[in-house]
Each structure stands twice: as C-alpha cells, then as structure tokens.
Amino acid sequence: MVHTKSRSASRTVPYRSLLYVAPIIALVLFFAHYLFVNALPAIAPDSPYKDAGRPIEERTEDLLLRMTLEEKAAQMALVEKNSITPGNAGYAGVGGVLSGAGAKPEDNTPEGWRDMVARYMEESRSSRLGIPLLYGLDAVHGHGNVPGATLFPHSIGLGAANDPELTRRVAEATAEEVRASGVFWSFSPNLDMPQDIRWGRVYEGFSSDAQVTADLGAAYIRGLQGEGNTPAMLATAKHYLGTGGMQWGTAVNPDYRIDQGTTQASEEVIREFYLPPFRAAVEQGALSVMVGLNTIDGKKMSANKHLITDVLKGELGFRGFVVSDWYGVYEIGGGEYAATVAAINAGVDMVMLPFEYKPFVQNVVAAVQNGDISEARVNDAVRRILYAKFVVGLFDNSAPSNLDVIGADARRALAREAVARSLVLLKNENVLPLFRSPTLRRIAVAGSAADNTGRQSGAWTIEWQGIDGNAIPGATSILAGIRSAAGPEMEILYDAAGDFDLPEDSADIGIAVVGEGPYAEGVGDNPYPSLSAEDLQAIEGLRKVSGEVVVVIVSGRPLFIQKELPKWDALVAAWLPGSEGAGVADVLFGKRSFSGTLPLPWPASIRQLPFTPSGRTADGAMPLFPRGFGLR
Ligand code: GLC
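Residues numbered from 1 in each chain as written. Predicted model: local features only at pLDDT ≥ 70, side-chain atom pairs only at ≥ 80, totals over all residues. Heavy atoms only, no water.

### As for the site of the ligand
Inspection of the region around the ligand gives Leu98, Gly100, Asp138, Phe187, Arg201, Lys238, His239, Met290, Asp325, Trp326 and Glu521 as its neighbouring residues. Arginine 201 places a side-chain nitrogen or oxygen 2.8 Å from an oxygen atom of the ligand. Across the complex, the protein chains shield 96% of the 310 Å² of accessible surface that the ligand would expose by itself. Of the residues belonging to the shell around the ligand, the class tally is four nonpolar, two polar and five charged. (Near = heavy atom within 4 Å. Polar contact = N/O pair within 3.5 Å; in protein donor to acceptor, adjacent residues only side chain to side chain. Areas by Shrake-Rupley, 256 points an atom, 1.4 Å probe, with all protein chains shown as cover. Nonpolar A, V, L, I, M, F, W, Y, C, P; charged D, E, K, R; others polar.)

In structure tokens form, the structure reads like this:
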C-alpha cells in the first residue's frame, strides 16, 4: 500500500524543529522534578515512623502523611528484578522487587542471593523517606530458587501426608533458609484445589479438598510467618479465588489449555468450596493475598471488586495487602491506564507489573488527579503495604541471618521425613516392604526418575521449569537412597531403560521409578497425563529379569495407568519428593511405614474429569482410587 502524507500534516509543527525542542523540554522537566523532590522537607532522624517503640498504626499514619502522591504510587509497584537494576536511582521507592522463578543473581549461590537482595534493600533505603522494599520470591517447596537449598516435597506430597504439624515444620524450615538470604516475602502457600489432573499446577496445591487445604494452608502460614508478635516473614495466600477449578480448554494463553482459564462456578460454590481456605488464611494472620490469573463470570480476577473488596477485605476482614499476579492487571484489557484503574478500584493494593514501573506510577498519579481513583483508595493500599512492612520488622531489623542454615543436615532430615510420610501405597501384592524375604539378594532398578534429582524435585527449582537431570546440588537421588538402604551385601543393578542383558528371574525384585519431567504452570497442561513409552518399556524390561515389579511414580499428579496397573505387583505414588530421595527407600525397605493417603481422586478415565468439589468424578463412576485411599 502506498503511504501518502496525512491530510493534517500541514497543521503540525515542522518535524525538524522538534529535534531541538524535545531535549530542552526533557531537561526542564528533569530539573523541575529534581527541585520539587529536593524542595520537600528533609526527614528528621527522630521522625515518629522511624521509632520502633511506637505503635505500628502510629508509625504507618505518620509515614503516610509525609508521602507525595508519586511516592505512594511507587509503593504500589512490584517489579521483577531484571527490570530494575541496582544503582538505578529511580527504583528507590518502589514497594517491592521480585525474582520470578529462575531470576537469579550473577553469582547463583546463597552468598550471591544474599548480596543481591541486600543491594536492592540498601538502595531502597536511600530513597527520600527510606522505605525499605519488599523482596519476594516463590519458596513453594523450600528456597527452591537457590542451588543447595533444602527441597521439600511439593505441596501435593504434604497433602498426602496430611499432617498440619509436619506442614508447619516444613514451612518454618523454609522460612529460616529464605530469611538467611535477607528475603522477607514468599509467594506461598498455594491454596488452589486442583479439580482436573490435566492442569500443570496440580502439584502446587495441597489437596482437592477444602478442609484439608484450609488446615494445611493455615499451618504453612503459621510456620512461615511464625507465631510471635513479629512475623519472620510475609506469607502469601494464593491464588484468590477458584483457580483450581478452571475448565479445560478455556486458557487465554494460546500455548496453554487450562491454566489461567475460566472458573465456571456459582457464587454459592465459590463461597462454600473455594473461600474456606482463604478464610482460614486470614484468620491465621496472612499478610498478603495474591489474586489469580483466572476469569470468573467473564471478568479477570484482578478486576473483581466484589470478591476482593466486599468479600476478602469486607466479610473476611483481611488487613494485609492484595497483590496481583504476573502481568495479570494489564490482561484486564482496555489499555494500561484503564486496567490499572479497574484493578486498584477493585481492591488490588500492589501490582505485580512486573516490568515497566514508571508508566504505572504515572498512570496512578494521573488517575488520582483525574478522579478515576480516589486518593482514599491509594491511601488504603499504601497503608496496607506499609503496615505489613512495619509488622514484619523491615524498617527495624532486616539483616539476613546465617547462610549456614541453607541445606543444613537438620533440614534435610526433616525433608526426608516429609518424603517418607508423603508416599501413598496404592497396590501391594505382598512384596512391600522389601527385606521381608531373607532370600532377597539382587534388586534391578530402572526408570526415568530413578537417578534424576531434577525430576524428583519438579519445577520451581533453580529454574522456573526446573531441571530434568541429576543437577540439583546437595540432593540425593531415589536410586542412591535404594543403594544406601539395601546395604553392601545387596547387589543393585541399574539401567534407566530397563535394558538388562540377563536371563529371566535374575533379580529377586525390580523397582521401576518412573514418571514426569518437570513443568510449571500452563507448560504442564496435558490432555492425557500418562507414563512415557520409555518408562513403560523400562517396566517391561524389569518384568523380564525380575519375578516381581514395584512401580514408584514420581509425578506432579495422578497419571492414567489403569491399563498397565494389573501387570504390576506394587504401586507407590511418590509425587515430587524434592532433594531427599532417600525418604522413598526408607519406606520401601520398611524403615518407616506407609502412612500417606490420596489428596485427590486417581481417575480411571478421561470421562471422570473434572472432579466435583466433593471429590466425586465427573461421570459419577468410581475412580481408580478414591481421595483418602492409601494402604498401610
Ligand atoms: C506466576 C505464578 C505465581 C507466582 C508469580 C511470581 O505467574 O502464577 O504463582 O507467584 O508468577 O513468580
């Protein structure tokens, strides 16, 4: 198409002259801003908000009164760390910085994490009012971003263990390792209740049952925040609301199928089923709640004023702050200005942008000046954010603690206990626990997850999507655990593919450790979750050389195995155990008993999805194994 000069061209300022005027305008604006900021009163060191002896409410109000509208707007911005670099004077003043999963420091070690976070904190303290920023990350199964950290079972495994005190201890140990890096905010616990195993985030929830999720979520918050007057850090109850109940095929991201899709549920079901875990979290004192990326009633959750303001803040009395999820505000649509107005008026207090924060600040300032957002709403949002920062001690004592706690033996022992208690025995033709037969001398091991600490850890581990391979520093593979438990007198044969050049019945028993590679979010959406052809072949290879085969499934969810199950002598669901693979052998060899139960139904066919909130199958037929099932 031939581009012709627009009709209005003759009326504009000659283009060439703009080249001279623009820099002058920019310079004038810069100095005007500089003069304005520096014309603001200097802050006396004995200002009430700096006095740790005063009540938090008083400190919050004193600080709020001193803030300009622009400084308030900046406090409502949560920026991912690669979009704001230390030394950039502008970031002094944003409310928070986050490491999206995998957003690591140059020096990806515990020391490197501590030093990176410290730099951001110091820079934020250099702002006019010295408001420390909150650094946040996803410690969803231990401090998973950091190589060498203790990796606990992902939440679905804690749901199988179903012990609030164990969950609290795991969260407490997680907080100790996270705080050692100087980080005060974790985007956990995840209170999603997965109703469809095709979703890539099943393993991040505890259970498909509301009461179990409420109990374990509250326990996790007790552990993460602590139970004293000064929380150890901020927990984040996520994702508000109904994000476990999205319908297959409703994803808005073309690469996904169900993640970030639509939750088709009536307000009655929302209140009866999805709300209780968040009520328990608020009662437990959660200091932040993250709004999900799903849609309800045709509206993105970040724009749902009824559920955020009327229900969460009004009915439940939530006093912390509401943070939106990754880019979720701008997905509301209508352009960044309109979306920002919609989200903040709906009750979002801090916006996980997570990129450009300057346009966001400008939009909030303009919206207040235009009357599209009331200053009272901005004050409420900032008050909530400051309250959380004061109550967690960020203004007074935010020094990182001792890095030696990261990956220390005591925590690994706790993680190993949690692994053992998360295992669910689904079938046992009198072969487990091993060592019952004195003639047991040779064990053959195969499968993609036997010697793969990346698979047993799952995603949200060093990288967003995890690492498929034996690449987790400090971790023990399931195979290594079997070798150690079997002892020197036992011969252990291993071939991932199950390709043993041996006559039939050469081994007394075969153990197939099979399952899924790591995945996160919609990347894990799968129309038919099942075992790979390689793993099925590995099981067949074991059946050739050993009389009996024990199958251990390492996965983030139940898999369709109904056709193969009859050929197996025993079946154990190990979920995503994390770094301490020896916990699996502890139970296989009888050092600990099986105690886990299914946190959600194990379906027998695709027709049974999605489950109903009461744990029944879509077609009403019996699942392969019902929720709550587990042999001893
Ligand atoms: C992701 C997830 C959320 C996580 C956030 C920050 O999109 O939905 O659970 O906390 O981004 O990594």
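### Examining the packing of aromatic side chains
The full count for this structure, using the stated rule, is 14 aromatic pairs. Considering the side-chain rings of tryptophan 575 and tryptophan 602, the 6.2 Å spacing of their centres and the 50° angle between planes classify their relative orientation as tilted. Separated by 27 residues along the polypeptide, tryptophan 575 in strand β16 (residues 570-575) and tryptophan 602 in the segment after α18 (582-588) bring together distant segments of the chain. According to the relative accessible area criterion, tryptophan 575 is buried, its value standing at 1%. Here tryptophan 602 falls in the buried class, since its relative accessible area comes to 0%. Between the aromatic rings of phenylalanine 625 and phenylalanine 629, the centroid separation amounts to 5.3 Å while the plane-to-plane angle is 25°, which identifies the pairing as stacked. (Phe/Tyr/Trp six-rings, centres within 6.5 Å; stacked < 30°, edge-to-face > 60°. Helix = DSSP H or I, 4+ residues; strand = E, 2+ residues; numbered from the N terminus. Buried < 20%, exposed > 50% of the residue type's maximum accessible area, 1.4 Å probe, protein only.)

### Observations regarding the sheet that holds strand β5 (residues 236-240)
Strands sit in the order β5-β6-β9 across an open sheet of three strands; the sheet is parallel. Of all strands in the sheet, those with a lone pairing partner are β5 and β9 (321-323), marking the two edges. The sheet shows a mean angle of 25° between the axes of neighbouring strands, taken without regard to direction. Pairing of strand β6 (residues 288-291) with β9, which is carried by three bridges, proceeds in the parallel orientation. Among the inter-strand pairings, valine 289 is bridged to a residue of β9, identified as valine 322. (Pairing = 2+ DSSP bridges. Axes fitted to C-alpha atoms, helices over the stretch in contact; angles between N-to-C directions.)

### Regarding the domain arrangement of the protein chain
As assigned here, the protein chain comprises domain 1 (28-40 + 47-404) and domain 2 (408-608). Here domain 1 and domain 2 have C-alpha centroids that lie 35 Å from each other. The interface is formed by 50 residues belonging to domain 1 together with 48 residues belonging to domain 2. Together, the buried faces of domain 1 and domain 2 total about 3800 Å²; carbon and sulfur atoms form 59% of this surface. Three residues stand out in domain 1 for area buried against domain 2, namely Leu151, Ile197 and Tyr203, and they jointly supply 17% of the buried area on that side. One can count six salt bridges joining domain 1 with domain 2. Between arginine 421 and aspartate 163 there is a salt bridge, and its shortest N-O distance comes to 2.4 Å. Summed over the shared surface of domain 1 and domain 2, the result is 27 residue pairs in polar contact (both at pLDDT 80 or more). Looking at the side of domain 1 that touches domain 2, the elements that each hand over two or more residues are α5 (155-161) and α6 (164-179). (Domains from an automatic or database assignment. Contact = heavy atoms within 4.5 Å. Buried area = accessible area lost by both parts, 1.4 Å probe. Salt bridge = Lys/Arg side-chain N within 4 Å of Asp/Glu carboxyl O.)

### Considerations on a nonpolar patch on the surface
Together, Trp326, Tyr327 and Phe355 line one region of the surface with nonpolar side chains, adding up to about 260 Å² of accessible area. Here tryptophan 326 shows up in the loop between β9 and α11 (336-346). (Patch = residues over 30% accessible without salt bridge, like charges linked within 9 Å, V, L, I, M, F, W, Y side chains within 5 Å.)

### Comments concerning the environment of alanine 410
Relative to the helices and strands, alanine 410 is located in helix α14 (residues 409-422). For the pair alanine 410 and threonine 150, spaced 260 residues apart in sequence, the C-alpha separation works out to 9.8 Å.

### Quick word on the pairing of β6
Burial of β6 is two-sided: the residues Ser288 and Met290 facing one way and the residues Val289 and Val291 facing the other way are all buried. Here β5 pairs with β6 via four bridges, running parallel. What sits directly across from threonine 236, in β6, is serine 288.

### Quick word on a negative patch on the surface
There is a patch of like negative charges on the surface, built from Glu106, Asp107, Glu111 and Asp404. As for its placement among the helices and strands, glutamate 111 is situated in helix α4 (residues 110-125). (Lys, Arg positive; Asp, Glu negative; His and termini not counted. Charge placed at Lys NZ, Arg CZ, Asp CG, Glu CD.)

### Some remarks on the sheet that holds strand β1 (residues 77-80)
Within the open sheet, the five strands sit side by side as β4-β3-β2-β1-β10. Their pairing is parallel. Single-partner strands in this sheet number two, and they are β4 (185-186) and β10 (351-352). Bridge count between β1 and β10: two bridges; the pairing is parallel. Note that in β10 the partner of leucine 78 across the bridge is methionine 352.

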